[in-house]
Amino acid sequence: MKKIKTEYDLKVEFYDLDPMEVVWHGNYLKYIEAARCDMLEKIGYTYEDMKNDNTAYPVATMDLKYIKPAFFGQKLRVESTLESVEPALIISYIIKDSKTGEKIFKARSMQIRIDSTTKESLYTAHEKFLKKIEEY
């Protein structure tokens, strides 16, 4: 399977800050979730498509590393890399300052495909998803 890399840009908003005036640690998950949705949209196989195909990809594990704080108004870029889809969907993320390229945060998520009705784990990707990846 070919690796797919995408970029997602965002700006740190005031409501993302904690009392120390840096991005609250939990918001980095929100940033990578947005980047993952953006990646799937660019590939052409969204969560809505998964729902229509009676499949889902719940998160099984996440590895997170906080490198530097991000601040109000800072422009960030999330670089996402689709590493594999079988037996699990694995995506790595690096959040950087858009201007300097300095690393702020990195993460890796593993999601296991399930049948939405039975909740049974499936260790193969849906054929429509594989086709969209190859077409990308």
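Anything mentioned here points back to the structure above.
Worth saying up front: this structure is predicted, and the values here are computed from it rather than measured.

A.B. asks: Would you mind showing me how to read the side chain of Gln74 here?
C.D. replies: Here Gln74 shows up in the loop between strand 3 (59-66) and strand 4 (75-84). A polar atom in the side chain of Gln74 sits 2.8 Å from the backbone nitrogen of Phe71. Residues within four places of Gln74 in sequence aside, it is in contact with Leu10, Lys11, Val12, Pro69, Asp97 and Ile104.

A.B. asks: Honestly, the nonpolar core in this entry has me stumped. Any pointers?
C.D. replies: Nonpolar side chains in soluble globular proteins generally cluster together in the buried interior. In this structure, Tyr28, Tyr31, Leu76, Leu82, Ile95 and Phe129 are the most contacted members of the largest nonpolar core, which totals 30 residues. Secondary structure elements with two or more residues in this core: strand 1 (4-11), helix 1 (27-43), strand 4, strand 5 (89-97), strand 6 (103-111) and helix 3 (127-135). In terms of residues, this core owes the most to one element, helix 1, which gives seven residues.

A.B. asks: Hey, could you run me through the sheet that holds strand 5 in this one?
C.D. replies: The pairing of strands in a sheet happens through backbone hydrogen bonds and is either parallel or antiparallel. Spatial strand order, 1-4-5-6-3: five strands in an open sheet with antiparallel pairing. Looking at which strands have only one partner, the edges of the open sheet turn out to be strand 1 and strand 3. Adjacent strand axes in the sheet meet at a mean angle of 15 degrees when their direction is disregarded. Pairing geometry for strand 3 and strand 6, over seven bridges, is antiparallel. In the strand pairing of strand 6, Asp63 is matched with Arg108.

Thresholds applied
- Residues numbered from 1 in each chain as written.
- Predicted model: local features only at pLDDT ≥ 70, side-chain atom pairs only at ≥ 80, totals over all residues.
- Heavy atoms only, no water.
- Helix = DSSP H or I, 4+ residues; strand = E, 2+ residues; numbered from the N terminus.
- Polar contact = N/O pair within 3.5 Å; in protein donor to acceptor, adjacent residues only side chain to side chain.
- Contact = heavy atoms within 4.5 Å.
- Core = buried A, V, L, I, M, F, W, Y, C linked by side-chain atoms within 4.5 Å.
- Buried < 20%, exposed > 50% of the residue type's maximum accessible area, 1.4 Å probe, protein only.
- Pairing = 2+ DSSP bridges.
- Axes fitted to C-alpha atoms, helices over the stretch in contact; angles between N-to-C directions.

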